[in-house]
Amino acid sequence: MSLRADVVVLGAGMVGVGVALNLQKRGRDVILLDRRDAGEETSFGNAGLIQREAVIPYTFPREFGTILSYALNNRRDAVYHLSALPRVAPWLYRYWREGAPERIERSAQALAPLMAECVKEHDALIAEAGGAAQRLVYQRGWLRCLRTEKSMRQAIDEARVLDRYDVDYAVLSAAEVRELEPHVSEAVIGAIHFRGSPTSADPGALTKAYAELFARKGGRFLKGDARKLSAQRSGWSVASEKGAVEAREAVVALGPWSDDVFRPLGYRIPLAVKRGYHMHYASKGNATLGHSLHDGEGGFALVPMSRGIRLTTGVEFADRDAPPSPVQLARAEPFARALFPLAERLDEKPWMGRRPCLPDMVPIIGRGGRHKGLWFAFGHAHHGFTLGPVTGRLLAEMMTGETPFTDPSRYAAERFRH
Ligand SMILES: Cc1cc2nc3c(=O)[nH]c(=O)nc-3n(C[C@H](O)[C@H](O)[C@H](O)COP(=O)(O)OP(=O)(O)OC[C@H]3O[C@@H](n4cnc5c(N)ncnc54)[C@H](O)[C@@H]3O)c2cc1C
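The structure presented is a predicted model; accordingly, all values stated were derived computationally and were not measured.

Novice: Let's hear about the overall build of the protein: which residues, and what values?
Specialist: Broken down by element type, the protein carries twelve helices and 21 strands. Taken against the 2.2 N^0.38 rule, which gives 22 Å for 418 residues, the C-alpha radius of gyration of the protein at 21 Å falls within 12% of a compact globule. Referenced to the eigenvectors of the C-alpha coordinate spread, the extents of the protein come out at roughly 65 × 45 × 45 Å. By the burial criterion, 59% of the 418 residues in the protein qualify as buried. Considering only contacts within the protein whose residues lie at least 6 apart along the sequence, 77% involve residues at least 24 apart. Of the roughly 17400 Å² of accessible surface on the protein, 52% is carried by carbon and sulfur atoms. Averaging the positions of the 57 positive and the 48 negative side-chain charges in the protein gives two centres separated by 5 Å.

Novice: Help me get a handle on the site of the ligand, residues and values and all.
Specialist: The environment of the ligand is formed by 34 residues, the closest being D34, T42, S43, A381 and T386. Side-chain polar atom of N46 to an oxygen atom of the ligand: 3.1 Å apart, as the coordinates give it. In the model, an oxygen atom of the ligand is placed 2.9 Å from a nitrogen or oxygen of the G384 main chain. Taking 1000 Å² as the accessible area of the ligand by itself, protein coverage stands at 98%. Contributions of two or more residues to the shell around the ligand are made by α1 (14-25), α2 (42-45), β19 (351-357) and α12 (384-400). A breakdown of the residues in the shell around the ligand according to their chemical character gives twelve nonpolar, 15 polar and seven charged.

Novice: Tell me about the pattern of salt bridges, and name the residues and values.
Specialist: As a working rule, side chains carrying opposite charge can pair if their charged atoms are close by. Applying the stated criterion to the full structure yields 31 salt bridges. Among the ionic pairs, R195 bridges to D168, the shortest N-O distance being 2.9 Å. Separated by 27 residues along the polypeptide, R195 in the loop between β7 (190-194) and β8 (199-200) and D168 in the loop between α7 (149-161) and β6 (169-173) bring together distant segments of the chain. Salt bridges here are not isolated pairs; linked through shared partners, they connect R26, E117, K120, E121, R393, E397 and E402.

Novice: How would you summarise the pairing of strand β12 (residues 243-252) if you had to cite specific residues and measurements?
Specialist: Pairing geometry for strand β1 (residues 3-10) and β12, over seven bridges, is parallel. Paired with V9 across the bridge in β12 is V251. Sheet analysis places strand β11 (residues 235-240) next to β12, joined by five bridges and oriented antiparallel. Considered in β12, the bridge of W236 is made with A247.

Novice: Please set out helix α9 (residues 203-216) residue by residue, giving values where relevant.
Specialist: The end-to-end C-alpha separation of α9 is 20 Å, in line with the 20 Å expected for 14 residues at 1.5 Å each. Those residues of α9 lying buried are P203, G204, L206, T207, A209, Y210, A211, L213 and F214. Backbone geometry just downstream of α9 places G218 in the positive-phi region, at approximately 100°.

Novice: Provide a residue-level description of the nonpolar core, including the pertinent values.
Specialist: Counting 68 residues, the largest nonpolar core has V9, L23, I192, L206, Y210, V251 and L395 as the members making the most contacts within it. A per-element tally of this core places helix α5 (residues 101-129) first, with eleven residues. Not counting chain neighbours up to four residues away, the residues in contact with L206 comprise M14, H122, I126, A133, L136, V137, S200 and F385. Residues V8, F262, L374 and A413 belong to the second largest nonpolar core, which totals 30 residues.

Novice: Account for the side chain of H122, naming residues and giving values.
Specialist: Along the chain, H122 turns up in helix α5. Leaving out residues up to four positions away in the same chain, H122 has contacts with M14, I50, L206, Y210, F385, T386 and P389.

Novice: Which residues make up the packing of α1 against α12, and what values go with them?
Specialist: The contact between α1 and α12 brings their axes to 7 Å, and the two run at 35°. The crossing of α1 and α12 is right-handed. Counting all contacts with α1, which are made through M14, V15, G18, V19, N22 and L23, the residues of α12 involved are G384, F385, G388, P389, T391, G392, R393, L395, A396, M399 and T400. In the contact of α1 with α12, the residues fall into nine nonpolar, seven polar and one charged.

Calculation rules
Residues numbered from 1 in each chain as written. Predicted model: local features only at pLDDT ≥ 70, side-chain atom pairs only at ≥ 80, totals over all residues. Heavy atoms only, no water. Helix = DSSP H or I, 4+ residues; strand = E, 2+ residues; numbered from the N terminus. Rg over C-alpha atoms; globule rule 2.2 N^0.38 Å. Buried < 20%, exposed > 50% of the residue type's maximum accessible area, 1.4 Å probe, protein only. Contact = heavy atoms within 4.5 Å. Areas by Shrake-Rupley, 256 points an atom, 1.4 Å probe, with all protein chains shown as cover. Lys, Arg positive; Asp, Glu negative; His and termini not counted. Charge placed at Lys NZ, Arg CZ, Asp CG, Glu CD. Near = heavy atom within 4 Å. Polar contact = N/O pair within 3.5 Å; in protein donor to acceptor, adjacent residues only side chain to side chain. Nonpolar A, V, L, I, M, F, W, Y, C, P; charged D, E, K, R; others polar. Salt bridge = Lys/Arg side-chain N within 4 Å of Asp/Glu carboxyl O. Pairing = 2+ DSSP bridges. Expected span 1.5 Å × (residues − 1). Core = buried A, V, L, I, M, F, W, Y, C linked by side-chain atoms within 4.5 Å. Axes fitted to C-alpha atoms, helices over the stretch in contact; angles between N-to-C directions. Left-handed = near helix turned anticlockwise from the far one by under 90°.

Shown next as structure tokens:
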């Protein structure tokens, strides 16, 4: 027996759930399919920031000193697996090329309309999902903490660039940081407070709360393997635990696993991963943390979460499926302890996740050009938790023939020749 739907959405991370909800809202009968429960992969372990301010993409450094320290592989914010270099190098080259000023500007122009709407789209879902979701999000913004005059000046300059994108931030003195966060180290001489960027105390649970909203409104969630997707005369078919799913349209929202499906279909899209880790900590004595802290020099974040204080690391370039090697966590931990009084580790082992990245740090949202009824929503890099709901809105507008709220051509897969 086969199950029929208008659309099958493959992948129930924040992006797939955002797409499913937005299609459902526009009257489509949707099946959401994942091999696990919703929100248990990358959307589970991130830093939970809804980063309204993240308009300027994270690019490959261009200064010689920084490149050299990358080459020496002794940084806290970015490391690489030597054995993976032959495979990763061509992608790194494309990533490096995207660091040219005019290309950064192009990526920023693409990211800006999405970031401008990201909080609004989350807020609408949080309000609709109700109690549990509301308790999972706090609205205090986050602090980029700086330890030197030089990095403070640079951070202020970078923040000023955001003025033209209507980002709400304040430059804080050391005393003002201490007022907000009395237990933060005296070494912090100031911070940029991004006031308009909320945080989730449990990003996996928020993704699940949205998925439950989808189910409450009549959406079907099924377990299945998206790699079994096949093109049929009348649309798409994929095997699920409850039998074959048949749908006129399919959306690939598999985050870092999207290439498992698009590659066999003949698409050559430069998707790579930047891996990252997290660990939870108790705090020492009566120390409390109210805001997420990003250590401007240390390349890590400390985020107050339901489970404890979550330390998330920077970037590891490695094969997606290589065993975890959390050296960055080991490097960041002493700096994190110096920033805030952390006590014991709360997890048995570090969590590892994979940021699904395209060289320009702009996601693909739109048609899979070679097949009728195939759509893509992946490659959200450092900001998929932020962008899941707004991606869902844009893709659903495109799929249902509504006028898209922003020009979708910037997110087209065709920008990479394949
Ligand atoms: C350390 C770290 C910190 C981060 N911090 C932030 C942050 O603060 N803010 C932010 O916005 N972003 C952050 N990110 C990035 C963010 O987590 C990702 O961009 C986002 O979660 C990607 O969502 P997704 O739905 O595309 O992918 P995922 O959440 O990975 O979802 C993909 C889904 O596909 C499913 N799947 C895979 N293969 C198959 C298959 N064959 N069949 C069926 N299902 C399959 C998986 O089970 C999974 O549920 C961070 C990432 C990391 C690693």
